[in-house]
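# A structural walkthrough
So you can see what is in the structure, the chains are spelled out below.
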Amino acid sequence: MTEPHPEPLSENTADVIVVGAGPAGSTTAYYLAKAGLDVLLLEKTAFPREKVCGDGLTPRATKQLVAMGIDISEEAGWLRNKGLRIIGGGVRLQLDWPELASFPDYGLVRKRDDFDEQLARQAQKAGARLYERCNVGAPIIDDRTGRITGVHAKLGDSGEKREVTFHAPLVVAADGNSTRLSLAMGLHRREDRPMGVAVRTYFESPRHEDDYLESWLELWDRRGPEPRLLPGYGWIFGMGDGTSNVGLGVLNTSDSFKELDWREVLKAWCASMPEEWGYTPENMTGPIRGAALPMAFNRQPHYTRGLLLVGDAGGLVNPFNGEGIAYAMESGQIAADVIVQAHARATPAQREIALQRYPQVLKDTYGGYYTLGRAFVKLIGNPKVMKIATQRGLTHPLLMKFTLKMLANLTDPTGGDAMDRIINGLSKVAPKA
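Here's what I pulled together on the structure shown here. Not measured: the values here are computed from a predicted model.

### Focus on helix H5 (residues 262-271)
Buried within H5 we find Trp262, Val265, Leu266, Ala268, Trp269 and Cys270. At the N-terminal end of H5, a side-chain oxygen is found 3.0 Å from the backbone nitrogen of Arg263, two or three residues along, and the residue is Asp261.

In structure tokens, the structure reads:
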């Protein structure tokens, strides 16, 4: 049973402020509100709003949606997928999502503008107070303790914005890769962690109802006299609405990372596709857009002086596959659980002990796995290694089944098969990121 929500002390005061209503922020706010805390959820834009994303959700993200009570039926506009089709080295391999006790055996597809709004509305239903068009600026810092005690914001449309202050003893930064709030609190990005870039667009296509997510490990530009291997990996996700989401991701471990115009690279790759797929300029339904993928805990610590980082703000994108939504939602749930426990403590000192545990829980949960991912990212940044991996690896279905579990982080923690035990064992012995 959900606790009855306390009356807020004032319109601009709460137990917790969550900045950003993406998957991380809305999930955090949902679990906090469900536990009976008074939560302000501040979103700088208004829904629906666009975000750059592949729009494909693995079983890991699907599990989080089920836990939040989101209606993920086909009637509600969700498209299910059965697994991953991997293309590279002249091989086309179709792998179903593994059957596990811990995760469903299907993924989902949905556009981000609509997806994010569903999560934000679910947080509202649980009792969170959502402010849209609320652009958060500087943190409010207590001069005596150095702790964050609220935020300054501008509320309203561009023509009639008003200055507002919001106050709470705890603030959650769910404001994405740029996370101005974290920077204002002195938390800068770690340069020794991998960073990715994703670019994508939509095409009208007969492939829109494909029930497998498609991942291309080799990108070829076939426009010149000689085919040219491009850096990065590509994806094609059918959206079920007459369109395909076509995009590519590239890592900063690649020598070409800073040199190339990634929109042009995407155009070159699409030009090499079979014409009947429809990935041509005249079928494009929107512009090519790009976004950064902050990976492997690239901003730390995840808790300091009353501020907790979740999702992209804390660099929680999986370095193995560029997946961010599942980890945004999971970190939101973890942060909410820590905050709820801290809130129930009697003294500030006891509350602080509980809050200081948050970074350690994240490291225990993902640290070893992300360390393995960083090693993987360095390897595949070398085109020669990538070529050998696709040519040799894709011809071994058993090895690729293992790779799918590893890349998508889909194992049973206990009672799993030999592959699960190997992956879990490697993650345990690896240093905690």
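### Structural notes on unusual backbone geometry
That bond from Phe47 to Pro48 is cis: its omega, -5 degrees, falls within 30 degrees of zero. Residues Gln300 and Pro301 are joined by a peptide bond in cis, for which omega reads 0 degrees. In this fold, Pro301 is placed in the loop between strand S19 (289-294) and strand S20 (303-304). Not every positive phi belongs to a glycine, and Arg133 is a case in point at roughly 50 degrees.

### Examining the sheet that holds strand S7 (residues 107-109)
Working definition: the strands of a sheet are paired by backbone hydrogen bonds and lie parallel or antiparallel to each other. Spatial strand order, S3-S7-S4: three strands in an open sheet with antiparallel pairing. Since the sheet does not close on itself, it has two edges, and those belong to strand S3 (56-57) and strand S4 (79-81), each with one partner. Inspection of the sheet shows S3 paired to S7 by two bridges, in the antiparallel sense. Bridging from a neighbouring strand, Gly56 pairs with Val109 of S7.

### Some words on the packing of helix H1 (residues 23-34) against helix H3 (residues 112-126)
Working note: a packed helix pair is described by the angle between its axes plus the distance between those axes. The interhelical angle for the contact between H1 and H3, taken along N-to-C directions, is 15 degrees, at an axis separation of 8 Å. The angle between H1 and H3 places the two elements in the roughly parallel class. Crossing handedness for the pair H1 and H3: left-handed. Contacts between H1 and H3 involve Pro23, Ser26, Thr27, Ala29, Tyr30, Ala33 and Lys34 from the first element and Arg112, Phe115, Asp116, Leu119, Ala120, Gln122, Ala123 and Ala126 from the second. Partitioned by chemical class, the residues of the contact of H1 with H3 number nine nonpolar, three polar and three charged.

### Quick look at the sheet that holds strand S9 (residues 134-141)
Reading across from one edge, S9-S10-S11 is the order of the three strands in this open sheet, with antiparallel pairing throughout. Sheet topology places S9 and strand S11 (162-167) at the edges, where each strand pairs with a single neighbour. For this sheet, the mean inter-axis angle between neighbouring strands, taken without regard to orientation, is 25 degrees. Bridge count for S9 against strand S10 (residues 148-155) is six bridges, and the pairing is antiparallel. By the bridge assignment for S10, Val136 is matched with Ala153.

### Quick look at the nonpolar core
Within the largest apolar cluster, 85 residues are counted, with the highest numbers of intra-cluster contacts made by Val18, Leu65, Ile339 and Tyr358. Here Val18 is in contact with Gly25, Thr28, Ala29, Leu32, Val39, Leu40, Leu41, Leu42, Val172 and Ala174, once residues within four sequence places are set aside. One finds Leu42, Ala153, Phe166 and Val171 within the second-largest nonpolar core, a separate group that totals 22 residues.

### Digging into the side chain of Asn424
Position of Asn424 relative to the elements: it lies in helix H10 (residues 418-429). Among the polar contacts listed, one links the side chain of Asn424 to the side chain of Thr411, at a separation of 2.8 Å. Residues within four places of Asn424 in sequence aside, it is in contact with Thr411, Asp412 and Pro413.

### Quick word on a nonpolar patch on the surface
Together, Ile422, Leu426 and Val429 make up an exposed nonpolar region whose accessible area comes to about 280 Å². Summarising the element assignment, Val429 is placed in helix H10.

### Remarks on the pairing of strand S13 (residues 195-204)
Where burial is concerned, most of S13 is hidden: eight out of the 10 residues are buried. Taken together, the six bridges between S13 and S19 define a ladder with antiparallel strand orientation. Bridge pairing in S19 places Val199 opposite Gly290. One ladder, built from nine bridges, connects S13 with strand S18 (residues 243-251); its direction is antiparallel. Residue pairing in the sheet places Gly196 in a bridge with Leu251 of S18.

The rules behind each value
Residues numbered from 1 in each chain as written. Predicted model: local features only at pLDDT ≥ 70, side-chain atom pairs only at ≥ 80, totals over all residues. Heavy atoms only, no water. Buried < 20%, exposed > 50% of the residue type's maximum accessible area, 1.4 Å probe, protein only. Helix = DSSP H or I, 4+ residues; strand = E, 2+ residues; numbered from the N terminus. Polar contact = N/O pair within 3.5 Å; in protein donor to acceptor, adjacent residues only side chain to side chain. Pairing = 2+ DSSP bridges. Axes fitted to C-alpha atoms, helices over the stretch in contact; angles between N-to-C directions. Parallel < 35°, antiparallel > 145°, perpendicular 65-115°, else oblique. Left-handed = near helix turned anticlockwise from the far one by under 90°. Contact = heavy atoms within 4.5 Å. Nonpolar A, V, L, I, M, F, W, Y, C, P; charged D, E, K, R; others polar. Core = buried A, V, L, I, M, F, W, Y, C linked by side-chain atoms within 4.5 Å. Patch = residues over 30% accessible without salt bridge, like charges linked within 9 Å, V, L, I, M, F, W, Y side chains within 5 Å. Areas by Shrake-Rupley, 256 points an atom, 1.4 Å probe, with all protein chains shown as cover. Salt bridge = Lys/Arg side-chain N within 4 Å of Asp/Glu carboxyl O.

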